[in-house]
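Chains, contacts and geometry: an overview
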Amino acid sequence: MATLLEIRNLKKYFQTPKGVLHAVDGISFSLEPGKTMGIVGESGCGKSTLGRTVIRLIDSSGGQIIFENKDVTFVRGRELKALRQKMQIIFQDPFASLNPRFTVERTIREALMLTKRYSRPEAMDETERLMELVGIDQRLRNSYPHELDGGRRQRVVIARALATGPRFVVGDEPVSALDVSIQAQIINLLQDLQEAMDLTYIFITHDLSAVKHISDVIGVMYLGQMVEICPSNEIFRSPLHPYTKALLSAIPSIDIHHQQESVILEGEIVSPINPKPGCRFSARCRYSQAKCGEPQSLEEIATDHFVFCSRAREIND
Amino acid sequence: MQNGETQRGELLRIRDLVVEYTSEGETIHAVNGVSLELKKGKTLGLLGETGAGKTTIAKSVMRILPETTSKINSGEIYLNGKDVLLLSEKKMRAIRGKSASMIFQDPMTALDPVRRVGEQIEEVIRLHNNTGKNEAQQWAMEMLETVGIKADRAREYPHQFSGGMKQRVVIAIALACKPELLLADEPTTALDVTIQAQILRMIEKLKKELDMSMLLITHDLGVVASQCDDVAVIYAGEILESGSREDIYDHPTHPYTRGLFDALPDINKEVRRLTPITGRMIDPTDLPKGCYFQPRCAYAKKSCRHERREMAEISPGHHCRCTHFA
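First things first, this report covers the structure right here in the doc. Given the structure is predicted, the values throughout are model-derived calculations rather than measurements.

Here we take up the environment of Asn99(A). Residues and elements named next belong to chain A. Counting through the fold element by element, asparagine 99 comes out in the loop between helix H3 (94-97) and helix H4 (104-114). Through-space distance from the C-alpha of asparagine 99 to that of proline 145 is 7.6 Å; in sequence the pair is 46 residues apart. A polar contact is formed between the side chain of asparagine 99 and the backbone nitrogen of arginine 101, at a distance of 2.9 Å.

Given below as structure tokens:
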């Protein structure tokens, strides 16, 4: 199948008083239309920066972003505006991403008017249609964000993101701020919309069970690098990178009769400022050896299963 | 049974607690007749979603509810047989941080940003013990080591620590005076899973060493499964189901408890669609007459709309407010 999005050796560095922070450091992957890629990792691993760089909210420091077979890494002006309509993002906190002085109706209508595809009356009709699509009652059209609960607010954010007719949507922890019972409602909604509108998603989260449910492919990030990419059902069945294994074992299981012993990682994430060459996880890795100090590469260990670890074959034998 | 007082082997007993807040002239019914028992040396998980009243219960035990906007309408809270709701503020101050401590979700707001972490631990030590400055300093450094932080970091400020390390400092303060009761309010919710695993294991170890009892407040079914002996499920300020961990996880009986389990994506199963609990939490300023969960319940009968249900014992020690699945 054709590729919708291809990321080649993408980098995003930030200058800090202490040195250069490698937030995203040489990430490559591609995504087919209608599919979902889940990106998991802990705070500070660069997953949000990756999402923002991919949709051109921030400029990259290196690498290429190919969208619909076109290099969009450096597009500007009118072209960038057109690109923004096709690439949208949903953030974690719906309250922070909605204008508190705009009603539901105005929030959605404003995004519609930006596309210049609708007359005013058409935009009114389209607003109504979008509200129905995401499951917001019409009687709430004149409500303000503070009058809505978290689940409804996130529905408004989703409706606004869809108003420009995107093909590709990044969800940056879109359900993390919601209660379990509401999370499931929003995840189902995102899946229904994907099917109905043939959307392609990048779903960024720290919640591994949610990401497995929604994704076709999962990428695990650690300190700016993608340490493992594989089909989503494989990640729980046969994780190959030592970090992925530790991450999975740390999730408290709800099965009280098979409480697995979690691999407790010593220490915390090291600083992404001026990182040394070699594996960035090696300081916390129980399989660490001298050769882990050399630069690693993403290797295909099994079909469609890529691992960024020079010892991956040995330790998984 | 002695009327209301703490039974043998029980550290904390809450009876019929009712707490309200007032906001803009409206009354918010946060806790609506909650009864709980925590046995000595055990961990009780208080499981519920946003707005269920979990934190209000813990703050009631510590008597740290906002004075002007909240009111404990009725109920008793026995800590070691004494009703803390009847104690003077002076007596209460001697309890906070000494026999009962509380840790909160966000470690940054729990620490004073302009004081060294060592001093913040010393403060609670000197408040409750007759120790000199040097002795308290030594004690504070030992506490840091206990929670896995090098003693020489006592001179650093909170912003120099990562989130997980800050939560360790908060735990060091909470446990410095070896409390009998730890109220842990979402202690790992703000942390990454690998750090959560470190902190939970540490709390478990210290709990054993200090022979402490814990009320663990969380919305995370996995955390409860790994930490708790007993579980109480709370919704709209009311306990809907309670029992041993096995009762709740092997035989979830209340439709809400079952709904929570069903709503979670199961990593071991391939399902296309999740099963959410439909609708949303009831308005706490306008409680319905009947069952509080009834508006969202797929099994609701006509009578559920009008009749209040009492807790019924469906098997020894396993109580539930709904008998549909009992």
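The discussion continues.
Residues and elements named next belong to chain A. Pairing in this open sheet of eight strands is mixed, and the strands run S6-S7-S8-S3-S9-S10-S12-S11 from one edge to the other. In this open sheet, the two edge strands, each paired with only one partner strand, are strand S6 (87-90) and strand S11 (299-302). If you compare each strand with its neighbour and ignore which way they point, the axes differ by 20° on average. Relative to strand S9 (residues 217-222), strand S3 (residues 36-40) is paired through four bridges, and the arrangement is parallel. Note that in S9 the partner of valine 40 across the bridge is valine 220. Lying on the sheet, helix H2 (residues 77-86) is in contact with S6 and strand S7 (168-172); it crosses S6 at an angle near 55°. The strands touched by helix H7 (residues 180-197) are S3, S6 and strand S8 (200-205); relative to S8, the strand with the most contacts, the crossing angle is about 160°.

Look at Lys116(A): it is not a glycine, yet its phi comes out positive at around 60°. Note that Lys116(A) resides in the loop between H4 and helix H5 (120-134). What makes Lys116(A) exposed here is its relative accessible area of 74%. A positive phi angle, close to 50°, is found at Glu186(B), a residue other than glycine.

Okay, helix H5 (residues 133-146) of chain B next. For the α-helix, the turn length of 3.6 residues means that residues three or four positions removed from each other point alike. Residue and element names in this part refer to chain B. Along its 14 residues, H5 runs 20 Å from first to last C-alpha, staying within 8% of the 20 Å computed at 1.5 Å per residue. Of the positions making up H5, those classed as buried are Ala136, Ala140, Met143 and Leu144. Along the long axis of H5, the arc covered by the buried residues comes to 100°, so they all point the same way. Where H5 is buried, its residues contact helix H4 (117-128) and helix H6 (163-175). A positive backbone phi angle near 85° is found at glycine 148, which sits one or two residues after H5.

Okay, the interface of chain A and chain B next. Tallying the contact residues gives 37 residues for chain A and 43 residues for chain B. Each partner contributes to the roughly 3,600 Å² buried at the junction of chain A and chain B, and carbon and sulfur atoms together form 54% of this total. The salt bridge involving Asp192(A) is made with Arg273(B); its shortest N-O contact spans 2.5 Å. Inspection of the chain A/chain B interface yields 13 residue pairs in polar contact (both at pLDDT 80 or more). Elements represented by at least two residues in the side of chain A that touches chain B include exactly H7, helix H8 (208-214), helix H9 (232-237) and helix H10 (242-250) of chain A. Sort the elements by how many residues they give to the side of chain A that touches chain B and H7(A) lands first, with 10 residues. When grouped by side-chain class, the residues that make up the side of chain A that touches chain B number 13 nonpolar, 13 polar and 11 charged.

Each value, and the rule that gives it
- Residues numbered from 1 in each chain as written.
- Chains lettered and ligands numbered in written order.
- Predicted model: local features only at pLDDT ≥ 70, side-chain atom pairs only at ≥ 80, totals over all residues.
- Heavy atoms only, no water.
- Helix = DSSP H or I, 4+ residues; strand = E, 2+ residues; numbered from the N terminus.
- Polar contact = N/O pair within 3.5 Å; in protein donor to acceptor, adjacent residues only side chain to side chain.
- Pairing = 2+ DSSP bridges.
- Axes fitted to C-alpha atoms, helices over the stretch in contact; angles between N-to-C directions.
- Contact = heavy atoms within 4.5 Å.
- Buried < 20%, exposed > 50% of the residue type's maximum accessible area, 1.4 Å probe, protein only.
- Expected span 1.5 Å × (residues − 1).
- Arc of directions from axis to C-beta.
- Buried area = accessible area lost by both parts, 1.4 Å probe.
- Salt bridge = Lys/Arg side-chain N within 4 Å of Asp/Glu carboxyl O.
- Nonpolar A, V, L, I, M, F, W, Y, C, P; charged D, E, K, R; others polar.

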